[in-house]
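Now for the letters of each chain:
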Number of protein chains: 2
Amino acid sequence: MDDVARLAGVSVSTVSHVLNGTRNVNPATRQRVDAAILEIGYRRNVVARSLAAGRTHTVGLSIAALTNPYFGSLVHAVERRLSEAGYVLILGDSHDEPQPERRVTDSLLDRQVDGMILAPAAGSEVSTIPEIVRSGTPLVLIDRMLDVPCDQVGPENDASAYELTAHLLDSGHRRIAIVRGIEGISSTTERFDGYARALADRGIELDPRLVLDGRSSVEVAESRVRELMSGTDRPSALVSMNNSMTIGSLKAVRGLGLSIPADLAFVCYDDFEWSDLFEPRLTAAAQDVQTIGRTAADLVLRRIEGHEDAPRSIRVPTTFTHRNSCGCTAADKPVAPRR
Amino acid sequence: MDDVARLAGVSVSTVSHVLNGTRNVNPATRQRVDAAILEIGYRRNVVARSLAAGRTHTVGLSIAALTNPYFGSLVHAVERRLSEAGYVLILGDSHDEPQPERRVTDSLLDRQVDGMILAPAAGSEVSTIPEIVRSGTPLVLIDRMLDVPCDQVGPENDASAYELTAHLLDSGHRRIAIVRGIEGISSTTERFDGYARALADRGIELDPRLVLDGRSSVEVAESRVRELMSGTDRPSALVSMNNSMTIGSLKAVRGLGLSIPADLAFVCYDDFEWSDLFEPRLTAAAQDVQTIGRTAADLVLRRIEGHEDAPRSIRVPTTFTHRNSCGCTAADKPVAPRR
DNA sequence: GTGAAAGCGCTAACAT
DNA sequence: ATGTTAGCGCTTTCAC
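Residues numbered from 1 in each chain as written. Chains lettered and ligands numbered in written order. Predicted model: local features only at pLDDT ≥ 70, side-chain atom pairs only at ≥ 80, totals over all residues. Heavy atoms only, no water.

1. Concerning the environment of Ile132 of chain B
All names here are of chain B. Summarising the element assignment, Ile132 is placed in helix α7 (residues 128-135). For the pair Ile132 and Leu108, spaced 24 residues apart in sequence, the C-alpha to C-alpha distance is 9.7 Å. Apart from residues no more than four positions distant in its own chain, Ile132 is found in contact with Thr105, Leu109, Met116, Leu118, Thr137 and Leu139. (Helix = DSSP H or I, 4+ residues; strand = E, 2+ residues; numbered from the N terminus. Contact = heavy atoms within 4.5 Å.)

Take a look at the structure:
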C-alpha cells in the first residue's frame, strides 16, 4: 500500500479510502491511485484489514454430516446468500459428534468469524453452544432446534411425520414400522412424536419392536431394516425419517428380494431430485432446503449488522408429495393440501 | 495475550511460545500460563497470528457448480483431508462462469489463502488462472484439466466414455445419441472424443443430429432430449455425460411416456449412490470422487509445504458398473474389467 | 529459560 | 480534500 501511495503521490490513508470508498476523494487523485494499483498489481491484504477493522466478513458454517446430500444443499443455499452479501463461507464438518464439533467451532471462533451457523450435533448444548455464546459471536442454529435463546431455522417435523404416518394408516396399514434418526436431536424426537401421535389418534398401540434406530446412517438403517424384515411378523409399511436412512432401508429391502410397494408400503421424510424418475417413486415429505439455508444466512447477517431483537425460531413447511411407494389406491392422484 | 502474560507473571513472548510449542518452556511456567489462559478464557486471535506469521492455514476451494451433487461430494472429500491436516476450507461457487469465478478467486487471494483448489469454469485460463499464478499461491486444478503448468486431478474421461459407447455398440445399437456437457472444458471434450472414437472404431459415421449440447444442466439436457425424442428418427440408445444431464434426460424420457430400456437404451457417465435401488438401474461409469478430492487436497498441501517439483497431472480411474438401463442381454452379469 | 521490541499491512481518529 | 499516526493482536529476532 505504501508503494501504491508513493507511486500515486498520496498518503496511505488516501489509498485506503479510495479502496474502501470511505471518504470523498478528488476524482483526479482517485484516478492516480487506481492507476498505481493497476500498475503495481496491488492486492489488498484482507487479513491485515480484518485485524485493523475488527471484522472479517466471514461466516462459519459447522455442518453435522457433509456425507448427507441434504446438508450439501444446505451449504449451497447458505453460500449463495452469503456471497451475495459480500461475505465468505468457512466450512467445517462435525461428523455429528460433540468433540469434532467443538474443534470445528473453536477453530471458527479463533478465526474471528463475524457470525456462525451451526447444525448442532447431539450434545452441542453442553459445550459448543455455551462457548459460542460466551464469545459473543452471533449464532444461528439450523436443521435442529434447541431450547436455547438464539435464532433457529428448521423444517416442520412433527406435523409432516404425522402426515406420512396417517397416510399409511388411512390406506389400511396397522403395523407400521419407523426408522428414526440419531438420538438426542430435535428432528428425531419431533418426527417420532408425529409418528406416535398419528398412531394414538387412530387408537393403535405403539409396538416398540417396530421402532428402529437408524441413527441417521445408511449402514445402520440398512442392518436394522434387514433384521426386522427377516423376522417372522413383518410390518406391512415402513416410514423412514431422513434420506440417508431411506437409502439404507431400500438397500435392505432390495437385498431381501422384497419389492415396494407390493411387499412393503414405504414413505419417507426428505425427498430426492430424481424421485419422479425412478421406480418405486417415493411418497415423501420434501423439505425446502433452499429456504432453510437462505433464512439461516439472513438471520446471521441481521445479527452481524447489529439487530438485537428477541431470538426467532422459524419453521419451514415441508411439501407432501404423493407417489406410488405407499402403494395406496389413490397413488399418483394429487392429495388435498395439508391444513 | 497481555492479560494472560500479566496474570501468569511472564512476557507475551512466553505466552506465545507455550501456545505454539515453539520453544522450550519451564514446565512450571507453562503451568502458570495454561492456568491463566483458562482463568481468563483467552482465545487466540488467528487473524493477528496470520498477519504476523505470514500464513493463514486456509485453503480456498472454488467450485464450478455447487448445485451438482458431484461437486458436493468433492467439497466433502477436500474438507476432510484439509481438516485432518489442520487447515480450514474457504468455499466459493463460480456458477461455471468466468466473471463470478474471478470474483471468488480474487476474494480468496485477498484473504491470503495458503493454497487454492479450483474447479475451473470455461475460460479460466484467460483471467483467473494467470492471476492466481501471478500471486504465487499454490494452485491445483480439479475435475477439469487444462494445458497450464500446475498440479491437476481429474477423472479418466476419454476411455470411460469410449467404454460406455462401445458397450451400446456391442449390444447392436447403431444410432447412439450423446448428451454432452458445457462447452470449452476438458471433461466435455474428452468424453465426446471417447464417444466419437468408439463410433469410428466400428466404422459408424458420427451423426451431428445425435449430438446434443446439454451444457451440464438438468434443464437444458431435458429440453434437448425431449426435442430429439419427439422427432421422427429417434436414436435407439443415449449416453449422458454427467449426472445433472442424466437427470434431465430421464425427465424428458419419462415426460414423453417412453421407458428405459424398452424404448431407449441408456448409459451414463457418473453414478449415484442409489443406482442399485431403483428402476431403471443405470449402467454407468462411476467416478471415484473421494480419491479425486483427497488427492487434490494432498497436492496443495505438498505445495504449501514447499515442494517444488514438476507439476503433476493425475487421472483417477472410473468404474464401469453394468446394470439394466442399457437393456443388453448380459444385463446384471459382471463385465470383464477394462483393459 | 525468558524478555523486549520491531514489525506484519492495514484502518480510522485526529489534524490540517 | 488529504496526511499523520496510533493501534489491531500476534510472531519472532535478538539479547540476556
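2. Side note on the environment of Ser62 of chain A
Residue and element names in this part refer to chain A. In this structure, Ser62 sits in strand β1 (residues 58-63). Spatially, the C-alpha atom of Ser62 lies 25 Å from that of Ala48, the residues being 14 residues apart in sequence. Other than its neighbours up to four places away in sequence, Ser62 contacts Gly92, Ser94, Glu101, Val104, Thr105, Ile117, Leu118 and Ala119.

3. Comments concerning the interface of chain B and chain A
Contacts between the two partners involve 47 residues from chain B, matched on the other side by 47 residues from chain A. In total, chain B and chain A occlude about 4,500 Å² of area from one another, counting both sides; carbon and sulfur atoms represent 60% of this. On the surface where chain B and chain A come into contact, there are 23 residue pairs in polar contact (both at pLDDT 80 or more). Of all elements in the fold, only α4 (46-53), α5 (69-84), β2 (88-93), α6 (98-110), α7 and α11 (243-255) of chain B reach the threshold of two or more residues within the side of chain B that touches chain A. Top contributing element to the side of chain B that touches chain A by residue count: β2 of chain B, with six residues. In terms of residue class, the side of chain B that touches chain A is built from 19 nonpolar, 12 polar and 16 charged. (Buried area = accessible area lost by both parts, 1.4 Å probe. Polar contact = N/O pair within 3.5 Å; in protein donor to acceptor, adjacent residues only side chain to side chain. Nonpolar A, V, L, I, M, F, W, Y, C, P; charged D, E, K, R; others polar.)

4. Quick notes on the protein's contact with DNA strand D
Contacts to DNA strand D come from 26 residues, most closely from Arg23, Asn26 and Thr29 of chain A together with Ser16 and Tyr42 of chain B. Within the contact set of DNA strand D, a base oxygen lies 3.3 Å away from a backbone nitrogen or oxygen of Ala52 of chain A. The backbone of Asn45 of chain B places a nitrogen or oxygen atom 3.3 Å from a phosphate oxygen of DNA strand D. Elements with a contribution of two residues or more to the surface near DNA strand D: α2 (12-20) and α4 (46-53) of chain A together with α2 (12-20) and α4 of chain B. (Near = heavy atom within 4 Å.)

5. Some points on the relation of the copies chain B and chain A
There are two copies of the chain, and a rotation about an axis plus a shift along that axis relates them. Between chain B and chain A, the superposition needs a rotation of 180° and an axial shift of 0.0 Å, giving an RMSD of 0.1 Å. This pairing of chains is accounted for by a two-fold axis. When the interface residues of chain B are mapped onto chain A, 100% of them again lie at the interface, so the same face is used by both copies. (Least-squares fit on C-alpha atoms with pLDDT ≥ 70 in both.)

6. Some remarks on the pattern of salt bridges
Per the stated rule, a full pass over the model turns up 54 salt bridges over all chains. With a shortest N-O distance of 2.7 Å, Arg303 of chain A and Asp151 of chain A are connected by a salt bridge. Taken as a pair, Arg303 of chain A in helix α12 (residues 289-304) and Asp151 of chain A in strand β5 (residues 151-155) lie far apart in primary sequence, 152 residues in all. Take Arg303 of chain A and Asp151 of chain A: they sit in the same class, and that class is buried. The residue Glu131 of chain B makes a salt bridge to Arg102 of chain B at a minimum N-O spacing of 3.5 Å. One end of the pair, Glu131 of chain B, is in helix α7; the other, Arg102 of chain B, is in helix α6, and 29 residues separate them in sequence. Look at Glu131 of chain B and you get buried, because its relative accessible area is 14%. A relative accessible area of 23% places Arg102 of chain B in the partly exposed class. (Salt bridge = Lys/Arg side-chain N within 4 Å of Asp/Glu carboxyl O. Buried < 20%, exposed > 50% of the residue type's maximum accessible area, 1.4 Å probe, protein only.)

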